[in-house]
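Each chain, written out:
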Amino acid sequence: MNDRASRATSIAKARPSPYSRRVKALLQLVAFGFAVALATPAAAHVGLRYPPSRYGDNVLKSGPCGIAGGARTSHVTVLEPGASITVVWDEYVNHPGHFRLSFDAEGDNGFVDPKCLNGCSTTSPKIELYSNDSVLLDGIADTPYGGVSGAQITLPDIECDRCTLQLIQVMYDKPPYVTPGNDIYYQCADLVLRRSVALPTPTPSPTMSPSPELPTPTSSPTAPPSATPPTPVRCVGDCDQDGAVKVDELILGVNIALGITAIDVCPSFDANSDDAVTVDDLIAALNRAMSDCATAAQL
């Protein structure tokens, strides 16, 4: 079993309430999936899950997005202006501290690091919140055991083609707190905000001249039957709708099944629309993770 599956299991065992057979089955299912086909190195401390990270989990040491002088990638998420979304991240290595979410409509130059206000040489520093107007939500509490977390935000009601969402983790256990330094991890998601329905442009009505009287037809032609549109393939567990189910999405599905994460973070796990994620749903997601969604749907 790889480090991620082992860590997920150890965190679950640390919870005070006893586990039922169903919960154990869920954990064993995901651990099996990791060991068989989906294991990837767990070298990061925090990874942005939704929207997906610009560079991935292993690039997070330098601001503003994990690498100095970085640029946008093909990992772009298109969303509606003004939409409310739940941002999801996974803290692989737990550090005491807090998280911040920020938004820049024109790249990533608007992001700034928070300053230390006092207690900078201790493990309980007072850190500046809402440093500038790019910050959407600040002071998001760290969970005691790390793992998958999320926070709901409302995106600005604007259209933009090069906008960026930034997640930072501010750590308290590496005094003295300095910026720039090693007290912050950075993750970014490349976004496009675009309205899905454009407002119609009014056009003047043409002036109609009287038409000559036409003979009454004896019969009306029969219109050909309309074709039934094909039913789209539903890929259970494909949270970002990229045609594949990945390891982080399986982790998210287990957390939804355990009641740790709300189901509206990834509704595609609810295969039978019963507002719950069951072992059957996770098995279906695992099958799709081992192949592309279209192929798995034909099995």
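You'll find the structure just up there.
Residues numbered from 1 in each chain as written. Predicted model: local features only at pLDDT ≥ 70, side-chain atom pairs only at ≥ 80, totals over all residues. Heavy atoms only, no water.

Within the chain one finds five helices and 10 strands. Taking as baseline every contact in the chain between residues at least 6 positions apart, the subset at least 24 positions apart corresponds to 73%. Of the accessible surface of the chain, which amounts to about 16,400 Å², a share of 56% is contributed by carbon and sulfur atoms. (Helix = DSSP H or I, 4+ residues; strand = E, 2+ residues; numbered from the N terminus. Contact = heavy atoms within 4.5 Å. Areas by Shrake-Rupley, 256 points an atom, 1.4 Å probe, with all protein chains shown as cover.)

Moving on: the sheet that holds strand β9 (residues 160-171). Spatial strand order, β2-β10-β9-β4-β7: five strands in an open sheet with mixed pairing. At either margin of the open sheet sits one strand with a lone partner, and together these are β2 (76-79) and β7 (135-141). Taking each pair of neighbouring strands and ignoring which way they run, the sheet shows an average axis angle of 25 degrees. Two elements, β2 and strand β10 (residues 184-193), share four bridges in a ladder whose sense is parallel. (Pairing = 2+ DSSP bridges. Axes fitted to C-alpha atoms, helices over the stretch in contact; angles between N-to-C directions.)

All right, on to the state of the cysteines then. Summed over all chains, the structure comprises four disulfides. Between the sulfur atoms of C65 and its disulfide mate C188 the distance is 2.1 Å. Taking the sign of the S-S torsion, -75 degrees for the link of C65 and C188, the bridge is left-handed. You can see C65 sitting in the loop between β1 (46-50) and β2 and its partner C188 sitting in strand β10, a full 123 residues away along the chain. Neither residue differs from the other here; C65 and C188 are each classed as buried. A sulfur-sulfur separation of 2.2 Å characterises the disulfide bridge that pairs C160 with C163. (Disulfide = S-S within 2.5 Å. Buried < 20%, exposed > 50% of the residue type's maximum accessible area, 1.4 Å probe, protein only.)

Strands in a sheet are paired, the pairing made by backbone hydrogen bonds, and the direction either parallel or antiparallel. Read across the open sheet, the three strands follow the order β1-β3-β8; overall the sheet is antiparallel. Edge positions in the open sheet fall to β1 and β8 (147-154), since each of these has one partner strand only. Direction aside, the axes of adjacent strands within the sheet are offset by 30 degrees on average. Of the pairings in the sheet, the one linking strand β3 (residues 84-91) to β8 comprises eight bridges and is antiparallel in character. Within β8, the residue paired with V87 across the bridge is A151.

Cis rather than trans, the peptide bond between Y50 and P51 has omega equal to -10 degrees. Of note, the phi angle at Y130 is positive, near 50 degrees, even though the residue is not glycine. Since its relative accessible area comes to 42%, Y130 is described here as partly exposed. Its identity as a non-glycine residue notwithstanding, D275 has a phi of 60 degrees, on the positive side. Within the secondary structure, D275 sits in the loop between α3 (247-257) and α4 (279-289).

With the rule as written, the count across this model stands at seven salt bridges. R54 is the salt-bridge partner of D108, the closest N and O atoms lying 3.0 Å from each other. With D108 in the loop between β4 (97-104) and β5 (116-118) and R54 in the loop between β1 and β2, this pair connects stretches of sequence that are 54 residues apart. The exposure classification of D108 matches that of R54, with both residues buried. D190 is paired through a salt bridge with R54; the nearest N and O atoms lie 2.8 Å apart. Of this pair, D190 sits in strand β10 while R54 sits in the loop between β1 and β2, and the two are 136 residues apart along the sequence. A single burial state applies to D190 and to R54, both of which are buried. Where salt bridges share partners, they join R54, R72, D108 and D190 into one cluster. (Salt bridge = Lys/Arg side-chain N within 4 Å of Asp/Glu carboxyl O.)

With that out of the way, let us pick up the side chain of D183. Its location among the elements puts D183 in the loop between β9 and β10. Of the side chains with opposite charge, K174 lies nearest to the buried D183, which makes no salt bridge, at 7.0 Å. Within the structure, D183 has its side chain in polar contact with the backbone nitrogen of V178 (distance 3.0 Å). (Lys, Arg positive; Asp, Glu negative; His and termini not counted. Polar contact = N/O pair within 3.5 Å; in protein donor to acceptor, adjacent residues only side chain to side chain.)

This paragraph deals with the nonpolar core. In this structure, V87, W89, L101, L155, L191, L252 and F269 are the most contacted members of the largest nonpolar core, which totals 48 residues. Counting only elements with at least two residues in this core, the list comes to β1, β3, β4, β8, β9, β10, α3 and α4. (Core = buried A, V, L, I, M, F, W, Y, C linked by side-chain atoms within 4.5 Å.)

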